[in-house]
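Tertiary structure, described
Each chain, written out:
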Amino acid sequence: MSFTTILGILVGLGLFVGSIFISTDNYFVFISLSSALMVIGGTLAATFIAYEARYVLLALKLIFKIFRAPQMGRGQLTGEVGRVVKWGYLLQKKGINALEQEAQRVGKDEPFLGWAMEVVITGYNGDETAEMLHNAIENAFSRNLVPVSILKSMAGAAPAFGMIGTLVGLVIMLDKMADDPTQLGSGLAIALITTLYGIVAARFFFMPAASKIQQREEIMRFRNYLIAEGLIMLADRKGPRAIQDKMNSFLDPAIHFNIDKSAK
């Protein structure tokens, strides 16, 4: 995670928490273990009922991974163009066997890219290669968005269970009111905390995590389409400079790959 991202999170949380400190001196009124358990427990139960367990666990795991550096960034796209251009030179100078060895090496770390290169090596033309690669990219993107759907569902469930918790708290409070009416105010505060927890869980955790995962998957899809365009041209045996120009057309001019500069 970049320094700017960390700073933005800290500043935002500081302002949020600071507003509470300005408003009251009874900070412990916002702490309720039973309310937290009701929101978390209800949300998890509903989610495991709605989705297969393996996908729910994957979605929960991905929440923590959003704090890591992204797998693909803007600056790395230039290197991806350079990599395909290098394969173009390799195919020109050493033939298909050299490209096959490169595919085996790349496939160990990047299965999709290794498979895509194998499609080119097999001898399909550009149109056939394009159809297969585009299908693979879109299907992979759809699969990778399943955790996003789950987290968005959890974001919808959390406030609902917060409201349920509030109703449960009100029932308990009204039941005890005859014994000690003076506790009405504090009991109502505790009942409302559950709704607060549900909204905070949805807007601070589940929805932001879903948005970040979707954004990263969209970046990876764009990167895969970028490489696919280069490999399609490679399948049609286009030259390295033609590959460079086609792939650069997808990028901001500020990050274009330049064969002439890279050769120096």
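Computed from a predicted model, the values in this text were never measured in an experiment. Just so you know, the residues in each chain are numbered from 1, in the order the chain's sequence is written. This being a predicted model, a pLDDT of at least 70 is required before a residue's local features are given, and a value of 80 or more before pairs of side-chain atoms are given or counted; all residues contribute to the totals for chains, interfaces and linings. For the side-chain quantities, the full set of heavy atoms in the structure was used; hydrogens and water were omitted.

1. Quick word on the environment of I9
Worth spelling out the cut-off: Secondary structure follows DSSP: runs of H or I at least 4 residues long count as helices, runs of E at least 2 residues long count as strands, and numbering of each begins at the N terminus.
Note that I9 resides in helix 1 (residues 3–23). Distance in space between the C-alpha atoms of I9 and A50 is 31 Å, their sequence separation being 41 residues.

2. Some remarks on unusual backbone geometry
With a phi close to 60°, R237 is a non-glycine residue in the positive phi region. Locating R237 in the fold gives a position in the loop between helix 9 (184–235) and helix 10 (240–248).

3. Quick notes on the side chain of T129
Quick note on the threshold: Identification of polar contacts relies on pairs of N or O atoms within 3.5 Å, with a donor-acceptor requirement for protein atoms, meaning one able to donate a hydrogen and the other able to accept it, and with residues adjacent in sequence counted only if both atoms are side-chain atoms. In what follows, residue pairs with any heavy atoms lying within 4.5 Å of each other are defined as contacts.
Inspection of the secondary structure puts T129 in helix 7 (residues 126–144). Of the polar contacts made by the side chain of T129, one reaches the backbone oxygen of N125; its length is 2.9 Å. Those residues in contact with T129 that lie beyond four places of it in its chain are V119, V120, Y124, L231, I232 and A235.

4. Details of the UniProt feature "transmembrane region" (unreviewed entry) in the protein chain
This is how the line gets drawn: UniProt positions are given in the numbering used here, feature names are shortened, and annotations may be inferred rather than shown by experiment.
On the UniProt side, "transmembrane region" (unreviewed entry) is annotated at positions that read residues 28–51, 153–174 and 186–206 here. Taken end to end, residues 28–51 is 75% helix and 0% strand, and its two terminal C-alpha atoms sit 36 Å from one another. As annotated, residues 153–174 has a helix share of 100% and a strand share of 0%, and its two end C-alpha atoms lie 32 Å apart.

5. Examining the packing of helix 4 (residues 76–94) against helix 10
Keep this limit in mind: Axis lines are fitted to C-alpha atoms, over the contacting stretch for helices. Their N-to-C directions set the angle, which ranges from 0 to 180 degrees. With respect to orientation, any angle under 35 degrees is reported as roughly parallel, any angle over 145 as roughly antiparallel, any angle of 65 to 115 as roughly perpendicular, and every other angle as oblique. What makes a crossing left-handed is the near helix being turned counterclockwise from the far one by less than a right angle; a clockwise turn instead makes it right-handed. Here the term charged refers only to Asp, Glu, Lys and Arg, the term nonpolar to Ala, Val, Leu, Ile, Met, Phe, Trp, Tyr, Cys and Pro, and the term polar to all other amino acids, Gly among them.
Contact geometry for helix 4 and helix 10: axes closest at 9 Å, N-to-C directions at 160°. Relative to helix 10, helix 4 is oriented roughly antiparallel. In this structure, helix 4 meets helix 10 at a crossing whose hand is right-handed. Residues E80, V81, V84, V85, G88, Y89 and Q92 of helix 4 pack against P240, I243, Q244, M247 and N248 of helix 10. Class assignment for the residues of the contact of helix 4 with helix 10 results in seven nonpolar, four polar and one charged.

6. Details of a negative patch on the surface
The line we're drawing: Each patch is built from salt-bridge-free residues with over 30% relative accessible area, joining like charges within 9 Å and nonpolar side chains (Val, Leu, Ile, Met, Phe, Trp, Tyr) within 5 Å. Residue-level accessible areas treat just the shown protein chains as cover; the underlying method is Shrake-Rupley with a 1.4 Å probe. Here a salt bridge means any side-chain nitrogen of Lys or Arg lying within 4 Å of a carboxyl oxygen belonging to Asp or Glu. Under this rule, positive means Lys or Arg and negative means Asp or Glu; His and the chain ends count for nothing. Taken as the charge centre is NZ of Lys, CZ of Arg, CG of Asp or CD of Glu, depending on the residue.
A surface patch of like charges, here negative, comprises D127, E128, E131 and D236. Summarising the element assignment, D127 is placed in helix 7.

7. Here we look at a nonpolar patch on the surface
Side chains of I9, L13, F67, F204 and F205 sit close together on the surface and give an oily, nonpolar patch of about 460 Å² of accessible area. Secondary-structure elements contributing two or more residues to the nonpolar patch are helix 1 and helix 9.

8. Some points on the nonpolar core
Quick note on the threshold: Nonpolar cores were defined as sets of buried Ala, Val, Leu, Ile, Met, Phe, Trp, Tyr and Cys residues, with membership established by side-chain atoms within 4.5 Å. Partly exposed describes any residue whose relative accessible area lies between the buried limit of under 20% and the exposed limit of over 50%, with all areas from a 1.4 Å probe on protein chains only and scaled to the type maximum.
Membership of the largest hydrophobic core comes to 31 residues, with the highest contact counts inside it found for V81, W87, L99, M117, L231, L234 and I243. For this core, the secondary structure elements donating two or more residues are helix 4, helix 5 (96–109), helix 6 (111–122), helix 7, helix 9 and helix 10. For this core, the leading source of residues is helix 9, giving eight residues. Excluding anything up to four places from it in sequence, W87 contacts L99, E102, V106, L113, M117, L231 and L234. Counting residues in hydrophobic clusters, the runner-up holds 20 residues, among them A59, L62, F141 and L151.

9. Focus: the pattern of salt bridges
Between side chains of opposite charge, pairing is possible as soon as their charged atoms come close. One pass over the full model with this rule turns up eight salt bridges. Where E80 meets R223, a salt bridge forms, and the shortest distance between an N and an O atom there is 3.5 Å. With E80 in helix 4 and R223 in helix 9, this residue pair connects regions lying 143 residues apart in the sequence. Residue class for E80 comes out buried when judged on its relative accessible area of 8%. E138 is the partner of R221 in a salt bridge, and the nearest nitrogen-oxygen pair spans 3.6 Å. Here E138 lies in helix 7 and R221 lies in helix 9, a separation of 83 residues in the sequence. Several salt bridges converge on common partners, so that one network encompasses E80, R83, E110 and R223.

10. Observations regarding helix 7
Residues three or four positions apart in an α-helix share a direction because the helix packs 3.6 residues into each turn. Convention followed: Each residue after the first adds 1.5 Å to the expected span of a helix. This arc is taken over the directions from the axis of the helix to the C-beta atoms.
Along its 19 residues, helix 7 runs 27 Å from first to last C-alpha, staying within 8% of the 27 Å computed at 1.5 Å per residue. Among all positions of helix 7, only G126, T129, A130, L133, I137 and F141 are buried. Down the axis of helix 7, the smallest arc covering the buried residues is 100°, so these residues share one side. More than 90 degrees from the buried face of helix 7, the exposed residues found are D127, E131 and R143. The opening residue of helix 7 is N125, an N-cap whose side-chain oxygen sits 3.1 Å from the backbone nitrogen of D127.

11. Comments concerning the packing of aromatic side chains
Counted only if it meets this: Aromatic contacts are taken between Phe, Tyr and Trp rings whose centres are within 6.5 Å, Trp giving its six-membered ring; a plane angle under 30 degrees counts as stacked, one over 60 as edge-to-face, and the others as tilted. To sit over a ring, a charge needs its Lys NZ or Arg CZ within 6 Å of the ring centre and within 35 degrees of the ring normal.
If you walk through the whole model with that rule in mind, you get one aromatic pair. When the ring of F112 is compared with that of W115, the centres are 6.3 Å apart and the planes differ by 40°; the resulting orientation is tilted. With F112 and W115 both in helix 6 and three residues apart, the pair spans about one turn of that helix. Judged by its relative accessible area of 23%, F112 falls in the partly exposed class. A cation over an aromatic ring shows up here: R54 above the ring of Y55, its NZ or CZ 4.6 Å from the ring centre.

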